[in-house]
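So the chains spell out like this:
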Amino acid sequence: MAELSEALLSVLPSIRVPKAGDRVHKDECAFSFDTPESDGGLYICMNTFLGFGKQYVEKHYQKTGQRVYLHLKRTRKPKEEDTNSSAGDPPRKKPTRLAIGVEGGFDITEEKFEYDEDVKIVILPEHLDIPRDGLEGLPDMVKDRIASAVEAILTADSASRKQEVQAWDGEVRRVSKHAFSLHQLQNDVRIPPCGWKCSKCDMRENLWLNMTDGAILCGRRYFDGSGGNNHAVEHYRETGYPLAVKLGTITPDGADVYSYDEDDMVLDPNLAEHLAHFGIDMLKMQKTDKTMTELEIDMNQRIGEWELIQESGVQLKPLYGPGYTGIRNLGNSCYLNSVMQVLFSIPDFQRKAKLGHGLLSGEYSKPAPADGEQQPDQKGLQNGIAPRMFKSLIGKGHPEFSTNRQQDAQEFFLHFINMVERNCRSSENPNEVFRFLVEEKLKCLATEKVKYTQRVDYIMQLPVPMDAALNKDELLEYEEKKRQAEEEKQPLPELVRAKVPFSSCLEAYGAPEQVDDFWSTALQAKSVALKTTRFASFPDYLVIQIKKFTFGLDWVPKKLDVSIEMPEELDISALQGTGLQDGEEEMPDIAPPLVTPDEPKGSLGFYGNEDDDSFCSPHFSSPTSPMLDESVIIQLVEMGFPMDACRKAVYYTGNSGVETAMNWVMSHMDDPDFANPLVLPGSSGPGSTIACPDPPSEDSVATIVSMGFSRDQAMKALRATNNSLERAVDWIFSHIDDLDAEAAMDISEGRSAAESISESVPVGPKVRDGPGKYQLFAFISHMGTSTMCGHYVCHIKKDGRWVIYNDQKVCASEKPPKDLGYIYFYQRVPS
């Protein structure tokens, strides 16, 4: 005991009691996915409160000298049955809310186990173990301090709990702007408590009460033909009366209220008052019809692609071991799970990172403990890993990926690629496997002259030409049968899905696209051009996104229900760019003139309405300068990009459309002057060229040198930022690794400073070019009607067989639905 007391006294100064702002990592190892339930338990440093698995705690001690740790070991055991209960567990409740972790929603946190917890203090390097209750014999002051620290660590909210999957609710609604000012007609309409029917047809379900005039009408017709006959929305279009409540959903707790004006489900704080106007006592009403959320859940479960993509109708064989580790769904994180499973199946991404070790080591690929009779959809579940720290890190500061809402897997893939780019500027970059160059050819139809440009991309977006469907007759027949069934109130016919050949999608991708209002430098005026897209290089791994999500004529997002038989072997060599051909004449490489906002009015012959302050107004244009496409600028601004960046994107892409401008934005987001105003000197008239910037001032150079940078670095930074001192400093900090590498190269090669500066033109991005022949090795599928809802799974070809990764469930695939995928990953075939 004397030895233990002496050891505790020696480490007492390093023991801290966690305060309110401290993050206690007691659920997960900082370097692995070990938890207190792992075989070796978890060691929490009693100074930094970081958690470590058994294989990493010794390394932490050797690196930091921290000796004292609180060791947690939990052993799971089944929950004891409640002897007072007359029956066993009740059947699993059917979800009634489009939510996770809230009453009535999908329950992903149901705890069916209890834990025996062993707590002790461990002192390294001797590995002295001191039980929590083994502090007797120590001075009271010492004992109280250690006991307080232990108790505070055990009771503190863990770091993961603070960032834990919050209750996600797809039904969170805003208060309607009409709720407090709704005009209700004094027409003496009284609504009975039951027996309703549509006033324009005989429907007796899906009925909506307009809260202005008391009209009872049927709801919208759904995409599968069910629902109503659209009489309620037609009534709104005729009258403009905005709010309606769904009859049958009214209870003392509320009801489904829809605002046609706001085009969304809303809250009405004055609902009881508005209903009382028509003689409805909200406190006496009972639910007799399904809510809109219940209908949406039923609709999702009815859609055939859910069963096909998840292979629900087949008993799949679970797989375990290295490379077959599941990922827990942290609440709408299936998009992240699917993308990361595919990426860590690619050798370049299989580094000794925490996530890589967790997925590839096999340590966490073990069957989940059985809890009695399992539901069919629970069989084959693994313990898997819960990447809480990774999700928090990758989403930090992002307006969408930092939330618990469902996201688009393609957008997350590009976000992850962007994060890797930012952190691999001077080291080995795994993104090179996806990076390729796109060649865009613009041909002015008026002069026949051409312009070739190249840009970097990581994903091939493949359009879906629905008019190329092979089963048009079947589709027409299905639509006719569907129409007849709706009229006769009969069950709908079996769904017929459009079958579009992959070759038609490739043809649509490579087909010339007309660009109206193209600024031709050959004419120094607007013209019409044809844009052709080709590959300037072929990547090691080709990522193809099927553009299934589009907008209808009413601008409502919708998903194309389409089947595309993707080939196992793919050859896109025919899409290789050729560059400038014999007989082609290039347009002059002249930047179009631009008048900046501070240019004196009338100095260049302004025309139009002088009071117009739009992006394309006379304040921003002249007869000889290109008119910036205001609609494109507005679309980019609405996506959240800075105004000046959007104007530059449209300007530098020559009014080539929103997609081209978006590509420019994505390629220049990391530029230090990304959001700075567009100012081009030498833009005084047609045919003018951009004047060379003045040499950097000696005062600016001296200022940067005084900060500890070299003169070469100062000169390069000032040249890159148009001699802006403030931007130059930011530029240096964002390129410091590259500058250091260049400086080392200059020294090793004996180059002079002048030679180094003369090579200030940046080298193009590194790409891995090769043959355009590929083999399918993975695809990500989406189920649901929108990227903002539904579910993602992925299929990956491993060891000659297809494997389905459905969050924690990893199984051998029997019928991989390759025709219903959303994002496909092809690997180059070795030549």
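Anything mentioned here points back to the structure above.
Predicted model, so just to flag it, every value in this text is computed and none were measured.

A. Geometry of the overall build of the protein chain. Looking only at helices and strands, the protein chain features 22 helices and 30 strands. Buried residues in the protein chain amount to 46% of all 831 residues. If you take every contact in the protein chain between residues at least 6 apart in sequence, the share linking residues at least 24 apart comes to 68%. Looking at the protein chain as shown, the accessible area adds up to about 42200 Å², and 51% of this sits on carbon and sulfur atoms.

B. Highlighting the environment of Leu-776. With respect to the helices, strands and loops of the structure, Leu-776 is situated in strand 26 (residues 773–783). Sequence spacing of Leu-776 and Val-829 is 53 residues, and the spatial spacing of their C-alpha atoms is 9.7 Å. With residues up to four places along the chain from it excluded, the contact list for Leu-776 reads Pro-567, Glu-568, Lys-797, Trp-802, Lys-818, Tyr-824, Phe-825 and Tyr-826.

C. A look at the nonpolar core. Grouped together as the largest cluster of nonpolar side chains are 47 residues, with contacts concentrated most on Met-340, Phe-413, Phe-434, Ile-780 and Phe-825. When residues in this core are grouped by element, the largest group, seven residues, is from helix 9 (residues 334–343). Leu-209, Val-257, Phe-278 and Met-285 belong to the second largest nonpolar core, which has 33 residues in total.

D. Quick look at the packing of helix 9 against helix 11 (residues 388–395). Relative to each other, helix 9 and helix 11 sit at 95°, their axes nearing to 12 Å. Judged by the inter-axis angle, helix 9 sits roughly perpendicular to helix 11. Contacts from Tyr-335, Leu-336 and Met-340 of helix 9 reach helix 11 at Phe-390, Lys-391 and Ile-394. Looking at the contact of helix 9 with helix 11, its residues break down into five nonpolar, no polar and one charged.

E. Geometry of unusual backbone geometry. Residue Leu-124 is joined to Pro-125 through a cis peptide bond whose omega torsion reads 0°. Tracing the backbone through its elements, the reader meets Pro-125 in the loop between strand 5 (113–123) and strand 6 (128–131). The backbone phi angle of Asp-799 is positive, close to 55°, even though this residue is not glycine. Position of Asp-799 relative to the elements: it lies in the loop between strand 27 (791–798) and strand 28 (801–806).

F. Representation of the sheet that holds strand 15 (residues 436–444). Strand order across the open sheet formed by four strands is 16-15-20-19, with antiparallel pairing between neighbours. Of all strands in the sheet, those with a lone pairing partner are strand 16 (450–457) and strand 19 (513–520), marking the two edges. Neighbour to neighbour, the strand axes of the sheet diverge by 35° on average, direction disregarded. Note: strand 19 against strand 20 (residues 525–535), six bridges, orientation antiparallel. Counted as the bridge partner of Val-515 is Ala-529 from strand 20.

G. Layout of the pairing of strand 13 (residues 264–267). The sheet contact formed by strand 8 (residues 174–175) and strand 13 spans two bridges and is parallel. Considered in strand 13, the bridge of Val-175 is made with Leu-267. With three bridges joining them, strand 12 (residues 257–259) and strand 13 adopt antiparallel strand pairing. Paired with Val-257 across the bridge in strand 13 is Val-266.

H. Fine view of the pattern of salt bridges. Summed over all chains, the structure comprises 26 salt bridges. One salt bridge connects Lys-443 with Glu-448, and the closest N-O pair in it is separated by 3.1 Å. The class for Lys-443 is partly exposed, based on a relative accessible area of 27%. The closest approach of N and O atoms between Glu-480 and Arg-483, which form a salt bridge, is 2.4 Å. With Glu-480 and Arg-483 both in helix 13 (residues 472–487) and three residues apart, the pair spans about one turn of that helix. When salt bridges with common partners are traced through the structure, they connect Asp-348, Glu-432, Asp-540, Lys-766, Arg-768 and Arg-828 into a single cluster.

I. Region of interest: helix 5 (residues 231–239). Those residues of helix 5 that fall on the buried side of the exposure criterion are His-231, Ala-232, Val-233, His-235 and Tyr-236. Buried residues in helix 5 make contact with strand 9 (207–210) and strand 10 (216–218). Just past helix 5, the residue Gly-240 takes up positive phi, approximately 80°.

J. Representation of the pairing of strand 16 in the model. As defined by bridge partners, strand 15 adjoins strand 16 across eight bridges and the pair is classed as antiparallel. Among the inter-strand pairings, Val-438 is bridged to a residue of strand 16, identified as Arg-455. Following strand 15, the chain reverses through five residues before pairing antiparallel with strand 16; Glu-448 in that reversal takes a positive phi of roughly 65°.

K. Broad picture of the side chain of Asp-213. Inspection of the secondary structure puts Asp-213 in the loop between strand 9 and strand 10. The buried charged residue Asp-213 lacks any salt bridge, with Lys-200 as its nearest oppositely charged partner at 9.3 Å. Side-chain polar atoms of Asp-213 contact the side chain of His-235, separated by 2.7 Å. For Asp-213, the contacting residues outside a window of four places in its chain are Leu-185, Asn-187, Val-189, His-235, Tyr-241 and Phe-278.

L. Structural view of helix 14 (residues 502–510). Taken as a whole, helix 14 has its buried residues at Phe-502, Ser-504, Cys-505, Leu-506, Tyr-509 and Gly-510. The inward-facing, buried residues of helix 14 abut strand 17 (460–462), strand 20 and strand 25 (569–571).

M. Inspection of the packing of aromatic side chains at higher detail. With the rule as written, the count across this model stands at 23 aromatic pairs. On the numbers, 6.3 Å between centres and 55° between planes, the contact of Phe-390 with Phe-416 is tilted. Placement of Phe-390 in helix 11 and of Phe-416 in helix 12 (residues 409–423) is noted, with a sequence separation of 26 residues between them. Relative accessible area serves as the criterion here: at 17%, Phe-390 is assigned to the buried category. Judged by centre distance (5.5 Å) and plane angle (70°), the rings of Tyr-541 and Phe-777 are edge-to-face. Remark: Phe-777 occurs in strand 26 and Tyr-541 occurs in strand 21 (residues 541–546); sequence separation between them is 236 residues. Its relative accessible area of 8% is what places Phe-777 among the buried residues.

N. View of the packing of helix 9 against helix 12. Closest axis-to-axis distance for the helix 9/helix 12 pair is 9 Å, and the angle between their directions is 55°. What the angle tells us is that helix 9 and helix 12 run oblique. When you trace helix 9 past helix 12, the crossing you get is right-handed. Every residue of helix 12 that contacts helix 9 at Tyr-335, Leu-336, Val-339, Met-340 and Leu-343 is listed here: Ala-409, Phe-412, Phe-413 and Phe-416.

O. Representation of the environment of Val-24 within the structure. Positionally, Val-24 belongs in the loop between helix 1 (2–11) and strand 1 (42–45). For Val-24, a relative accessible area of 1% corresponds to the buried category. Here the alpha-carbon distance between Val-24 and Thr-48, two residues 24 residues apart in the chain, equals 8.2 Å.

P. Spatial organisation of the sheet that holds strand 11 (residues 243–246). The strand order 8-13-12-11-9-10 describes an open sheet built from six strands, whose pairing is mixed. The two strands at the open ends of the sheet, each matched to only one other strand, are strand 8 and strand 10. The pairing of strand 9 with strand 11 spans three bridges and is classified as antiparallel. Looking at the pairing, Trp-208 lines up with Lys-246 of strand 11.

Q. Broad picture of a nonpolar patch on the surface. Residues Val-175, Phe-180 and Leu-267 make up a contiguous nonpolar surface patch of roughly 300 Å² in combined accessible area. Note on placement: Val-175 falls in strand 8. You can call Val-175 partly exposed: its relative accessible area is 42%.

Criteria and thresholds
- Residues numbered from 1 in each chain as written.
- Predicted model: local features only at pLDDT ≥ 70, side-chain atom pairs only at ≥ 80, totals over all residues.
- Heavy atoms only, no water.
- Helix = DSSP H or I, 4+ residues; strand = E, 2+ residues; numbered from the N terminus.
- Buried < 20%, exposed > 50% of the residue type's maximum accessible area, 1.4 Å probe, protein only.
- Contact = heavy atoms within 4.5 Å.
- Areas by Shrake-Rupley, 256 points an atom, 1.4 Å probe, with all protein chains shown as cover.
- Core = buried A, V, L, I, M, F, W, Y, C linked by side-chain atoms within 4.5 Å.
- Axes fitted to C-alpha atoms, helices over the stretch in contact; angles between N-to-C directions.
- Parallel < 35°, antiparallel > 145°, perpendicular 65-115°, else oblique.
- Nonpolar A, V, L, I, M, F, W, Y, C, P; charged D, E, K, R; others polar.
- Pairing = 2+ DSSP bridges.
- Salt bridge = Lys/Arg side-chain N within 4 Å of Asp/Glu carboxyl O.
- Lys, Arg positive; Asp, Glu negative; His and termini not counted.
- Polar contact = N/O pair within 3.5 Å; in protein donor to acceptor, adjacent residues only side chain to side chain.
- Phe/Tyr/Trp six-rings, centres within 6.5 Å; stacked < 30°, edge-to-face > 60°.
- Left-handed = near helix turned anticlockwise from the far one by under 90°.
- Patch = residues over 30% accessible without salt bridge, like charges linked within 9 Å, V, L, I, M, F, W, Y side chains within 5 Å.

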